[in-house]
Amino acid sequence: MSNSFYSYKVSNGHGLPHDPFKSIIAPRPIGWISSKSAAGEVNLAPYSFFNAFNNAPPIIGFSSVGYKDSVKNIESTGEFCWSMATQPLAEAMNITSKPVDSGVNEYELAKLEAGSPDEVSVPFVAASPVSMECKLTQIVQLNNVSKEPLDT
Ligand SMILES: Cc1cc2nc3c(=O)[nH]c(=O)nc-3n(C[C@H](O)[C@H](O)[C@H](O)COP(=O)(O)O)c2cc1C
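Let me sum up the structure you'll find in this document. None of the values given here were measured: they were computed from a predicted structure.

1. Looking at unusual backbone geometry
Phase 1 of the analysis: Here the amide bond leading from Ala26 into Pro27 is cis, since omega sits at -5°, within 30 degrees of zero.
Phase 2 of the analysis: Relative to the helices and strands, Pro27 resides in the loop between helix 1 (21-24) and strand 1 (31-36).
Phase 3 of the analysis: Note the cis peptide between Ala56 and Pro57, where omega equals 5°.
Phase 4 of the analysis: Tracing the backbone shows Pro57 in the loop between strand 3 (50-55) and strand 4 (58-62).
Phase 5 of the analysis: Phi is positive for Lys111, which is not a glycine, with a value near 55°.
Phase 6 of the analysis: Structurally, the position occupied by Lys111 is in the loop between helix 4 (106-109) and strand 6 (114-115).
Phase 7 of the analysis: Located in the positive-phi region is Lys147, a residue other than glycine, with phi close to 65°.

Encoded structure:
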């Protein structure tokens, strides 16, 4: 008789071909986050650790596994945009997930038009059906169970 129940202790490893964590908590919306460096370079990248956290005022958030450029940029400029990634935009979204050399514009790389924002200086994805112009409220450093900061 087969037993379909499976459990594991995180500290011992999952023992499976792939880490099940991200596929268990699914589906997740994608936070397609655009930002600008302090030097003015535009950046665009997808984040699936993303969601809405409050409605009045509207607050959204995403989690960077490590201290990635999107967080660095938002920390230094205080601004970003979120654009909804839909099925027709999936391929372009994947292109924007790859690391690029400094000076490469990810909108041009993924053949995406940059929409002009009203409230911030960061362009959004014009082809997306929904975008939000955002201002930073806080950056939270995640800790492990020993209350030590996760690697950055
Ligand atoms: C669908 C998808 C979802 C992703 N979600 C995340 C995420 O939640 N957190 C994260 O750190 N990286 C995530 N990544 C990887 C980042 O997009 C990738 O590391 C990117 O280069 C980060 O760009 P940045 O350094 O310009 O911010 C995801 C990639 C894809 C394709």
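2. Observations concerning helix 2 (residues 69-77)
Phase 1 of the analysis: Within the sequence span of helix 2, burial applies to Ser70, Val71, Asn73 and Ile74. Projected onto a plane normal to the axis of helix 2, the buried residues spread over an arc of 165° and lie on a single side.
Phase 2 of the analysis: Packing partners of the buried residues in helix 2 comprise strand 1, strand 2 (42-47), strand 4 and strand 5 (79-84).
Phase 3 of the analysis: Gly78 occupies a position one or two residues after helix 2 and carries a positive phi of about 75°.

Criteria and thresholds
- Residues numbered from 1 in each chain as written.
- Predicted model: local features only at pLDDT ≥ 70, side-chain atom pairs only at ≥ 80, totals over all residues.
- Heavy atoms only, no water.
- Helix = DSSP H or I, 4+ residues; strand = E, 2+ residues; numbered from the N terminus.
- Buried < 20%, exposed > 50% of the residue type's maximum accessible area, 1.4 Å probe, protein only.
- Arc of directions from axis to C-beta.
- Contact = heavy atoms within 4.5 Å.

The values reported here are purely geometric and, on their own, carry no functional implication.
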